[in-house]
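# Breakdown of the fold
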Amino acid sequence: MTTKTIDFSKFSSIKIGQKTQVTILTTCSDYDSKYFLLGSCNNTLIGDNPPPLMVLSKDYSYIKIENNLLKIGGATPSGKISSFCKKHDIANFEFVSHLPGTLGGLVFMNAGLKEFEIFNHLKTVSTCKGIKNKEDIEYGYRFTNIDTPILEASFELSYGFDKEKVELFKKMRLNQPSTPSAGSCFKNPEGDYAGRLIEVVGLKGKRVGGMEFSNVHANFLVNHGDGNFKDAMYLIKEAQKRVYEMFEIKLECEIIILENI
Ligand SMILES: Cc1cc2nc3c(=O)[nH]c(=O)nc-3n(C[C@H](O)[C@H](O)[C@H](O)COP(=O)(O)OP(=O)(O)OC[C@H]3O[C@@H](n4cnc5c(N)ncnc54)[C@H](O)[C@@H]3O)c2cc1C
């Protein structure tokens, strides 16, 4: 099997991690559940001792129109999806231009902005366990029950790329920090906002080493440059502890933490 070295301090969006040997999934026979399959590490915090890692081969980075469906390979970056849709005047993917990741990561996380989620127009997902129809998958807010590599997904094809939506999504981003992060640190608990709770317990702007719950938006755990896994975990645990003590709410991480203990 082919491997490559990835420096996660550069590759991950939160700029934490080390140089690590990663196995490349070319066919499903390469896969084994001991591996953790990564996309482009925009929602993941890599620990000092992660499990064996795998990424899809670049062969899975493609977009095609077939049988009146949009078919997108699992390794396709979100930027490529949005430029393809803009170029070919395709609707419903405008929000993806502001969501960093690969198609596999977007589908696995059911990523989205407000009511615009990747599952809205999804039809099928091709995985190492065969093709799954949307109706056969459990999904919800930043959740799916997919437990196998996503190789491709197909979507309804509708025309009419909406530039105004792109502007709307851009505006929605204005209250978020540009400092490196892995996106929202916690899922919003039902009926509330994780950012509000972090602020109320006094952690907005709290900095430990190079890591901080951003002063711009408290639910973004940002790295000022020299942040590390230990400081990130300290802040995550402190927020969970204080929010539980004050509100009896268990804050659930949206970011995926990879550490073999
Ligand atoms: C600045 C910033 C803003 C963000 N804003 C948002 C937002 O508004 N809304 C939102 O939903 N997200 C947001 N995110 C998070 C991120 O954009 C999404 O979670 C995205 O889906 C991550 O994709 P990825 O390829 O980087 O996944 P990774 O971080 O690499 O992986 C995330 C999860 O997906 C799984 N996965 C990845 N590829 C596959 C595959 N091929 N098959 C099966 N499982 C796979 C991994 O195993 C892991 O569990 C933001 C992130 C950043 C950095």
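Residues numbered from 1 in each chain as written. Predicted model: local features only at pLDDT ≥ 70, side-chain atom pairs only at ≥ 80, totals over all residues. Heavy atoms only, no water.

Phi angles above zero are rare outside glycine, and lysine 15 is one such case at about 60 degrees. Here lysine 15 falls in the partly exposed class, since its relative accessible area comes to 33%. Of note, asparagine 67 is a non-glycine position whose phi angle comes to about 50 degrees, a positive value. (Buried < 20%, exposed > 50% of the residue type's maximum accessible area, 1.4 Å probe, protein only.)

Bringing the sheet that holds strand β5 (residues 53-56) into the picture now. Read from one edge of the open sheet, four strands run β1-β2-β5-β3, paired in mixed fashion. The two strands at the open ends of the sheet, each matched to only one other strand, are β1 (3-7) and β3 (36-38). Ignoring strand direction, the axes of neighbouring strands in this sheet form an average angle of 45 degrees. Note: β1 against strand β2 (residues 19-25), five bridges, orientation antiparallel. (Pairing = 2+ DSSP bridges. Helix = DSSP H or I, 4+ residues; strand = E, 2+ residues; numbered from the N terminus. Axes fitted to C-alpha atoms, helices over the stretch in contact; angles between N-to-C directions.)

What follows deals with the state of the cysteines. Following the criterion strictly, the structure yields one disulfide and no others. Between cysteine 28 and cysteine 128 runs a disulfide, and the two sulfur atoms are separated by 2.1 Å. In this structure the cystine formed by cysteine 28 and cysteine 128 twists about its S-S bond by roughly -80 degrees; its chirality is therefore left-handed. Pair noted here: cysteine 28 is in the loop between β2 and β3 and cysteine 128 is in the loop between β10 (122-127) and β11 (130-133), with a separation of 100 residues, a long-range link. Judged by relative accessible area, cysteine 28 falls into the partly exposed class, the value being 28%. A residue is classified by how much of its surface remains accessible, and cysteine 128, at 24% relative accessible area, is partly exposed. For cysteine 41, which is in no disulfide, the shortest distance to another cysteine sulfur is to cysteine 185 and amounts to 14 Å. With a relative accessible area of 3%, cysteine 41 lands in the buried category. Cysteine 185 supplies the cysteine sulfur nearest to cysteine 253, a cysteine that is in no disulfide, at a spacing of 5.3 Å. (Disulfide = S-S within 2.5 Å.)

Functional significance is not addressed by these values, which are geometric in nature.
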